[in-house]
Amino acid sequence: MKHFLLFLIFTLSIFAHDALVSPQWLANNLHNNNIRIVEVSDEQNFELQHIKGAVHTSISQWRIKNGTYLTIRSTKEIEEEIRKLGIDADKHVVLYAPIITPKDYLKATYIYWALNYFGVTKVSVLDGGLNNWISQGFPTTQETNSVQKTDFHANIDSSKIANLDYVKSHLGKIPMLDARPSDKYLGITPTATVKRDGHIAGAMSYSWNYSVTTDYILKSKKELNALFKNGYKLNKNKELLVYCTGGLETSFNYFVLSGVLGYKQVRLYDASMKQWGNLDNTPMNKYRYETFE
């Protein structure tokens, strides 16, 4: 019986995954063939230094300009990128980024969401990115790592995304969280790429960086659970929608809510304010914080 329990624990440790992993965990699993480590960065940064065994992707491989806003690329294009990275349904993907600006970290969480959307469910993000890995004394390399291309086929989960019509039809019906800084939410500070100031009517404000320390280390799960449950009155079993300026900031809120905290129905409005705020007839409010009733 004892041996069976040990086997069961070992088996579960292989197949279970957390949305957030520490540098120590990744170091312990660096040679695990079931793990695919992916750095999200400019190629020049990757060539300078990266975690051993990592493969490279950039955010431009995942997003495409669509009028005033950016959106996820076509299924065919994303399938090709996933195959090139050596990812299939059996792989546990660990994403990380070298964090030079805050947006760098957000590019990794956007790809976290994108992989979920295209049917890759075993995905994690390295806490604090490459910066935290290095600060804890773990080595980097310049060695390249070739991987075998897979035959991945997308299994799109439409419950992960929202478009313009969906947002319009759900105003006031589901909670919506704006991941931008509060001055942008309130419409006090204009956004150069958005014609109208303010926020989607009825949306609440929660800037993505409230969830991390100044070193981009995620705050405790207990603290974040209490914040969203007690402060925002969110229900883990009910639908909610997240958005920002153009899809990146809100991907971090998606990652925290859906991945780390286990909210079951989180939709990301990919085009966000670069679409909504550049239209003349979309309901918007400004100069006040809102709550969802």
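Note: the structure precedes this text.
Reading the values: rules and limits
- Residues numbered from 1 in each chain as written.
- Predicted model: local features only at pLDDT ≥ 70, side-chain atom pairs only at ≥ 80, totals over all residues.
- Heavy atoms only, no water.
- Helix = DSSP H or I, 4+ residues; strand = E, 2+ residues; numbered from the N terminus.
- Rg over C-alpha atoms; globule rule 2.2 N^0.38 Å.
- Buried < 20%, exposed > 50% of the residue type's maximum accessible area, 1.4 Å probe, protein only.
- Contact = heavy atoms within 4.5 Å.
- Areas by Shrake-Rupley, 256 points an atom, 1.4 Å probe, with all protein chains shown as cover.
- Lys, Arg positive; Asp, Glu negative; His and termini not counted.
- Charge placed at Lys NZ, Arg CZ, Asp CG, Glu CD.
- Polar contact = N/O pair within 3.5 Å; in protein donor to acceptor, adjacent residues only side chain to side chain.
- Core = buried A, V, L, I, M, F, W, Y, C linked by side-chain atoms within 4.5 Å.
- Pairing = 2+ DSSP bridges.

We now examine the overall build of the protein. Summing up its helical and strand segments, the protein has eleven helices and 14 strands in all. Taking 293 residues into account, the globule formula puts the C-alpha radius of gyration at 19 Å, and the protein, at 19 Å, falls close to it. Its C-alpha atoms give the protein principal-axis dimensions of roughly 60 × 45 × 35 Å. Considering the protein as a whole, with its 293 residues, one finds that 51% of them fall into the buried category. Restricting to contacts in the protein with at least 6 residues of sequence separation, those with at least 24 account for 76%. In the structure as shown, the protein presents an accessible area of about 14300 Å², 52% of it carried by carbon and sulfur atoms. Charge centroids of the protein, computed over 33 positive and 28 negative side chains, lie 5 Å from each other.

Below, the discussion takes up the side chain of R180. One can find R180 in the loop between strand 9 (176-178) and helix 8 (182-186). A polar contact is formed between the side chain of R180 and the backbone oxygen of G198, at a distance of 2.8 Å. The residues touching R180, leaving out its near neighbours within four places in the chain, are Y185, T191, G198, H199, S207, Y243, C244, T245, E249 and M273.

Moving on to the nonpolar core. Across soluble globular proteins, nonpolar side chains have a tendency to be buried as a group. Counting residues in hydrophobic clusters, the biggest one holds 57 residues, and the most contacted among them are F228 and L257. With near-sequence residues (within four places) excluded, F228 lies in contact with L177, Y206, K233, L234, V256, L257, L261 and Y263. Counting 17 residues, the second largest nonpolar core, distinct from the first, contains V167, I200, A203 and A271.

Attention now moves to the pairing of strand 2 (residues 35-40). Working note: regular strand, side chains alternate between the two faces of the sheet. Counting buried positions over the six residues of strand 2 gives six, a clear majority of the element. A two-sided burial pattern is seen for strand 2, the buried positions comprising I35, I37 and E39 on one face and R36, V38 and V40 on the other. One ladder, built from five bridges, connects strand 2 with strand 6 (residues 92-96); its direction is parallel. Opposite I37, over in strand 6, you have V94 as the bridge partner. Strand direction decides the pairing type here: strand 2 and strand 3 (residues 55-57), joined by three bridges, are parallel.

Across the sheet, five strands lie side by side as 1-7-6-2-3; this open sheet has parallel pairing. For this open sheet the edge positions go to strand 1 (20-21) and strand 3, each flanked by a neighbour on one side alone. Note: strand 6 against strand 7 (residues 123-126), three bridges, orientation parallel. Its bridge partner lying in strand 7, L95 is registered against V125.

Here the focus is the environment of K229. Positionally, K229 belongs in helix 9 (residues 221-231). Spatially, the C-alpha atom of K229 lies 36 Å from that of N66, the residues being 163 residues apart in sequence. Residues contacting K229, with those up to four places away along its chain left out, are L234 and Y263.

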